[in-house]
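Residues per chain, in single letters:
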Amino acid sequence: MASDNCRKDELLEENRIDSGIDSYRSILKSEEPRESLGTEPGDAKFSTAEERLDSSYGSSSITVDSLSDVVGGCKLSSPKEEQAQNCELSEQEENLLTTITEDGDTILHLAIIHEEEFIAQQLIQLFPKNVLDIQNNLYQSPLHLATYLNLTRVVRELVEKGASLELQDHDGNTALHVACQQGQVETASEMTKHVSPSKLAPVLETQNWKGLACLHLAALNRHHQIISDLAKKGANLNIQEGTSGKTALHFAVELRDITSVKLLLSRGANVDTAMFNGCTPLHLAVGRRDASIATILCQSGADTMLRNMEDETALDLADGNEDILAVFPFDDIQISGRSVVGVNF
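Cut-offs applied
- Numbering of residues starts from 1 in every chain and runs along the sequence as written.
- Local features in a predicted model are, by the rule used here, given only for residues with pLDDT of at least 70; side-chain atom pairs are given and counted only at 80 or more, and totals for whole chains, interfaces and linings are based on all residues.
- Heavy atoms from the whole structure form the basis of all side-chain values; hydrogens and water molecules are not counted.
- In this text, helices come from DSSP runs of H or I with a minimum length of four residues, and strands from runs of E with a minimum of two, each type numbered from the N-terminal end.
- Accessible area is worked out with a 1.4 Å probe on protein chains only. A residue is then buried under 20% of its type maximum, exposed over 50%, and partly exposed in between.
- Contact criterion: two residues are considered in contact whenever any of their non-hydrogen atoms come within 4.5 Å of each other.
- Each accessible area is a Shrake-Rupley result for a 1.4 Å probe, and residues are judged covered by the shown protein chains and nothing else.
- UniProt positions are given in the numbering used here, feature names are shortened, and annotations may be inferred rather than shown by experiment.
- The axes are straight lines fitted to the C-alpha atoms, using for helices just the contacting stretch, and the angles between their N-to-C directions are given from 0 to 180°.
- Angle categories are assigned with fixed cut-offs, so that under 35 degrees is roughly parallel, over 145 is roughly antiparallel, 65 to 115 is roughly perpendicular, and the rest are oblique.
- Residues are sorted three ways: Asp, Glu, Lys and Arg are charged, Ala, Val, Leu, Ile, Met, Phe, Trp, Tyr, Cys and Pro are nonpolar, and all the rest, Gly among them, are polar.
- Each residue carries a pLDDT score, the predictor's confidence in it, ranging from 0 to 100.
- Identification of polar contacts relies on pairs of N or O atoms within 3.5 Å, with a donor-acceptor requirement for protein atoms, meaning one able to donate a hydrogen and the other able to accept it, and with residues adjacent in sequence counted only if both atoms are side-chain atoms.
- Definition used for salt bridges: Asp or Glu carboxyl oxygen within 4 Å of a side-chain nitrogen of Lys or Arg.

Turning our attention to the overall build of the chain. Secondary structure summary: the chain contains 21 helices and four strands in total. The 345 residues of the chain split such that 49% are buried. Within the chain, counting contacts between residues at least 6 apart in sequence, those at least 24 apart form 70% of the total. Carbon and sulfur atoms provide 45% of the accessible area of the chain, an area that totals close to 16,400 Å².

The subject of this paragraph is the UniProt feature "repeat: ANK" (unreviewed entry) in the chain. The sites that carry the UniProt feature "repeat: ANK" (unreviewed entry) are, in the present numbering, residues 138-170, 210-242, 244-276 and 277-309. From the first C-alpha to the last, residues 210-242 spans 7 Å; its make-up is 48% helix and 0% strand.

For the pair helix H10 (residues 152-161) and helix H12 (residues 185-192), the least separation of the axes is 9 Å and the interaxial angle reads 10°. Overall, the two elements H10 and H12 adopt an arrangement that is roughly parallel. In contact with Thr152, Val155, Arg156 and Val159 of H10, H12 contributes Glu186, Thr187, Glu190 and Met191. The class makeup of the residues in the contact of H10 with H12 is three nonpolar, two polar and three charged.

It is worth spelling out the confidence of the model for the chain at this point. Taken as a whole, the chain shows an average pLDDT of 79; of its residues, 67% reach a score of 70 or greater. Taken as a whole, residues 27-60 scores under 50 in pLDDT and shows 76 contacts with residues more than four places along the chain or in a different chain. Note on residues 338-345: pLDDT under 50 across the span, and 10 contacts to partners over four residues away in sequence or across chains.

Checked against the element boundaries, Asn173 lands in the loop between H10 and helix H11 (175-182). Other than its neighbours up to four places away in sequence, Asn173 contacts His144, Leu167, Gln168, Val178, Asn208 and Leu217.

Take the side chain of Ser141 next. With respect to the element layout, Ser141 can be found in the loop between helix H8 (129-132) and helix H9 (142-148). A polar contact of 3.0 Å, which involves the side chain of Ser141, links it to the side chain of His144.

One pass over the structure, following the stated rule, counts nine salt bridges. When the shortest N-O distance is used, the salt bridge between Lys129 and Asp133 registers 2.9 Å. Owing to a relative accessible area of 41%, Lys129 belongs among the partly exposed residues under this scheme. Note that Glu190 is salt-bridged to Lys193, the shortest N-O span being 3.3 Å. Put simply, Arg156, Glu190 and Lys193 are held in one network by salt bridges that share partners.

Note on helix geometry: an α-helix contains 3.6 residues per turn, so any two residues three or four positions apart are oriented the same way. For helix H19 (residues 291-299), the set of buried residues is Ile293, Ala294, Ile296, Leu297 and Cys298. Against helix H16 (248-254), helix H17 (258-266) and helix H18 (281-287) lie the buried residues of H19.

Here the focus is the environment of Met275. With respect to the element layout, Met275 can be found in the loop between H17 and H18. Using a relative accessible area of 10% as the deciding quantity, one classes Met275 as buried. In sequence terms Met275 and Lys246 are 29 residues apart; their C-alpha atoms lie 5.2 Å from each other. Residues in contact with Met275, not counting those within four places in the same chain, are Gln240, Ser244, Gly245, Lys246, His250 and Leu284.

Given below as structure tokens:
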């Protein structure tokens with residue numbers, strides 16, 4: 001387990017983007033050394049897994065007024081290639097724009113945490129792409145933070161500017177994972193609607209450190225619209241999570257979520273995909289004595305005779321339960337491994 005955690009940390013460190021400020025500093029033609037901002041503990045504006053997004057929130061060094069004053073010095077209406085020349089900043093303002101806090105946050109991270117959407121949008125126009133993808137000490141990019149806070153317009157601006165959808169935070173989640181987990185339909189749509197299938201495919205296949213893809217999180221949290229939207233975008237409905245091999249359909253069955261079960265099946269999910277232990281969704285439904293979902297699965301063509309690693313069929317798991325047995329076609333019932341059909345008693 002320790003080696004797995006070390007490997008995850010290595011992967012994050014290899015992929016982390018945190019050096020873009022220097023390139024931006026060169027754009028501003030400044031050779032002054034980067035200064036760090038003083039920080040004080042403050043209340044978290046938003047938390048995930050009970051961890052702070054940024055411990056500088058509430059810092060006396062960064063206020064909404066200071067953000068506005070610095071960004072206001074730039075003429076953002078000029079063409080991109082002329083923006084740097086038309087942005088006349090004082091040395092103090094330039095240092096603030098190119099500073100990374102002790103928590104790894106840029107001024108853009110902080111603007112988003114403060115939920116200053118207008119300022120964030122101005123900074124997105126001002127910064128080059130590689131600065132937009134800088135990850136803080138929790139490996140959160142500005143796109144992660146905007147998604148956590150459901151700032152849809154900021155998400156749109158970041159995606160249109162080319163912010164990466166593939167970056168993973170300290171839990172292995174991409175920004176799209178976050179949107180799918182929280183049920184943010186509009187935010188998820190902004191991240192996917194203008195992205196080519198070839199660029200979106202690896203994001204949809206990405207698993208977090210718990211082995212969960214975006215579709216799994218949507219199913220686990222009963223976010224039916226997102227399940228539907230992901231299916232339309234070409235998500236693999238049969239993708240298996242990395243720990244036990246469950247698909248979104250397995251999760252829906254376990255949750256007794258009939259709506260998700262029907263939705264996934266209607267979109268083409270394989271009714272007979274087996275977990276690593278050989279259990280199909282029908283095994284799970286029968287094991288939970290869920291006759292309603294077992295019926296839906298059988299009507300969708302589930303193979304009642306598939307065996308798991310314990311050499312059990314779904315019928316074996318019925319264990320004499322009449323409601324469940326009534327679900328199975330009569331000619332599938334077996335005694336001692338032999339079909340009762342055609343047997344003379």
